[in-house]
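Structural overview
The residues making up each chain are set out below.
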Amino acid sequence: MNGSAMYKLGCGLYVLSAKDENKDNACIINTAIQVTSSPNRIAVTVNKNNYTHQMIKNTGVFNISVISEKADFSLFKRFGFSSGLNTDKLEGFDGRLRGLNGVIYVTENTNAYISGKVEREIDLGTHTMFIADVTDGEVLSETPTATYDYYHKNIKEKPPVNEKKKGYRCKICGYVYEGDELPADFVCPICKHGAEDFEKI
Ligand code: FE
């Protein structure tokens, strides 16, 4: 199996945001799709380890902000590669507004946002799929949506040219595991992707 085949799927990248009584949080997903148009419903799939997952479980509401090709790696670092459990991912971040559902959405380097109210959930083991009624949404710019393919080619940080490290590099975020053998159950400490997303360097 060539794992790179998965990157050819034409999925976009989204900031998935939610809240609890006193905190806003968000993470990055590539798993949002419209599942029916009448009623208008979307599905998002989120890793159970994400703080955002717990918030959606508790409140049943979320927003997705569609990341555009204007976005740079800092957006992914902020929302994708840290946990909201022990940090405030929104600290010092002005590129956001609050939707009618009380949840923030990202206005900077995105081209639309869509609000969801959970209608049902499907337990997928490591992840939960939330199927939601669309309750609101707006177009924010006409910049094209950043696909996963576009992210890999244009947004992801390139490894330094004279890097001397040996081992395995995470294809998602660039983290390098220094060692001769990458354990099969290894999980990237930065982006939480598994051993299948590493390549030997
Ligand atoms: Fe990684």
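All figures in this text were calculated on a predicted structure; none of them were measured in a lab. (Residues numbered from 1 in each chain as written. Predicted model: local features only at pLDDT ≥ 70, side-chain atom pairs only at ≥ 80, totals over all residues. Heavy atoms only, no water.)

Examining the overall build of the protein
This is how the line gets drawn: Helix and strand assignments follow DSSP, with helices taken as H or I runs no shorter than four residues and strands as E runs no shorter than two, numbered in order from the N terminus. This radius of gyration counts C-alpha atoms alone. The globule rule is 2.2 Å times how many residues there are, raised to the power 0.38. Exposed residues in this analysis have more than 50% of their type's maximum accessible area, buried residues have under 20%, and partly exposed residues fall in between, with area computed by a 1.4 Å probe over protein chains only. Contact definition: two residues touch when any of their heavy atoms are within 4.5 Å. Note on areas: Shrake-Rupley with a 1.4 Å probe; residue coverage comes only from the protein chains shown. Residues scored as charged are limited to Lys and Arg (positive) and Asp and Glu (negative), so that His and the chain ends carry no count. For charged residues, the charge sits on one atom: NZ in Lys, CZ in Arg, CG in Asp, CD in Glu.
Within the protein, the regular secondary structure consists of three helices and twelve strands. In terms of overall size, the protein behaves like a compact globule, its C-alpha atoms giving a radius of gyration of 17 Å where 201 residues would be expected to give roughly 17 Å. Its C-alpha atoms give the protein principal-axis dimensions of about 50 × 35 × 35 Å. In the protein, which comprises 201 residues, the share counted as buried stands at 44%. For the protein, contacts bridging at least 24 residues in sequence account for 60% of all contacts bridging at least 6. Of the roughly 10,900 Å² of accessible surface on the protein, a fraction of 50% belongs to carbon and sulfur atoms. Within the protein, one finds 24 positive and 26 negative side-chain charges whose respective centroids are separated by 3 Å.

Overview of the sheet that holds strand β9 (residues 127-139)
Note the cut-off: Any two strands between which DSSP finds at least two bridges are classified as paired. All axes are obtained by fitting lines to C-alpha atoms, using only the stretch in contact for helices, and the reported angles, taken between N-to-C directions, cover 0 to 180 degrees.
In space, the seven strands of this open sheet follow the order β2-β1-β5-β8-β9-β4-β3, with antiparallel pairing throughout. A strand with exactly one partner marks an edge of an open sheet, and here the two such strands are β2 (24-29) and β3 (32-37). Sheet twist, expressed as the mean angle between neighbouring strand axes with direction ignored, is 35 degrees. Sheet topology places strand β8 (residues 110-123) next to β9; eleven bridges connect them, and they run antiparallel. Of the residues in β9, the one forming a bridge with Y113 is E138.

Thoughts on the packing of aromatic side chains
Spelled out, the test is: Two rings from Phe, Tyr or Trp (for Trp, the six-membered ring) form a pair when their centres are within 6.5 Å of each other. A pair whose planes differ by under 30 degrees is stacked, one over 60 is edge-to-face, and the rest are tilted.
Per the stated rule, a full pass over the model turns up seven aromatic pairs. Pairing F79 with F93 gives two aromatic rings, centres 5.3 Å apart and planes at 90 degrees, and the pair type is edge-to-face. One end of the pair, F79, is in helix α2 (residues 73-80); the other, F93, is in the loop between α2 and β6 (96-98), with 14 residues separating them in the sequence. Since its relative accessible area comes to 0%, F79 is described here as buried. On the basis of relative accessible area, F93 is assigned to the buried category, the value being 6%. An angle of 80 degrees between the planes, with centres 5.5 Å apart, marks the rings of F186 and F198 as edge-to-face.

Description of the side chain of S68
Along the chain, S68 falls in the loop between β5 (61-67) and α2. With sequence-adjacent residues up to four places away left out, S68 is seen in contact with N109, T110, N111, T143, P144, T145 and A146.

Describing the environment of F62
Note on placement: F62 falls in strand β5. For F62 and N2, which are 60 residues apart along the polypeptide, the C-alpha to C-alpha distance reads 34 Å.

Describing a nonpolar patch on the surface
Under the convention used in this document: Patch definition: residues with relative accessible area over 30% and no salt bridge; like charges joined within 9 Å; nonpolar side chains (Val, Leu, Ile, Met, Phe, Trp, Tyr) joined within 5 Å. Just to be clear on terms, a salt bridge is a Lys or Arg side-chain nitrogen sitting within 4 Å of an Asp or Glu carboxyl oxygen.
A contiguous nonpolar patch, built from M1, M6 and L9 and spanning about 400 Å² of accessible area, is present on the exposed surface. Classification of M1 as exposed rests on a relative accessible area of 84%.

Quick notes on the coordination of the iron ion
Note the cut-off: Nitrogen, oxygen and sulfur within 2.8 Å of a metal are treated as its donors, or within 3.2 Å for sodium, potassium and calcium (Na, K, Ca); water is not counted, so a site can appear incomplete.
Surrounding the iron ion are the protein donor atoms C170 (SG), C173 (SG), C188 (SG) and C191 (SG), which sit 2.2 to 2.4 Å from the metal. Counting along the primary sequence, the residues that act as donors to the iron ion give the motif C-x2-C-x14-C-x2-C. Separated by 18 residues along the polypeptide, C173 in the loop between β10 (168-170) and β11 (176-177) and C191 in the loop between β11 and β12 (198-200) bring together distant segments of the chain. You can call C173 buried: its relative accessible area is 10%.

A few points about α2
Worth spelling out the cut-off: As used here, the arc belongs to the directions running from the helix axis to the C-beta atoms.
Inspection of α2 places F73, L75, F76 and F79 among the buried residues, and these make up the whole buried set. For α2, the buried positions fall inside an angular range of 155 degrees around the axis, keeping them on one side. Of the surrounding elements, those touching the buried residues of α2 are β1 (14-19), β2, β5, β7 (104-106) and α3 (148-155).

As for the pattern of salt bridges
When their charged atoms lie close together, side chains carrying opposite charge are able to pair. Using the criterion set out here, one finds eight salt bridges in the structure. Note that R98 is salt-bridged to D24, the shortest N-O span being 2.8 Å. In this pair, R98 is assigned in strand β6 and D24 in strand β2, connecting sequence segments 74 residues apart. A salt bridge links R41 to D133, with the nearest nitrogen and oxygen atoms 2.8 Å apart. With a gap of 92 residues between them, R41 in strand β4 (residues 40-47) and D133 in strand β9 connect regions that are remote in the sequence.

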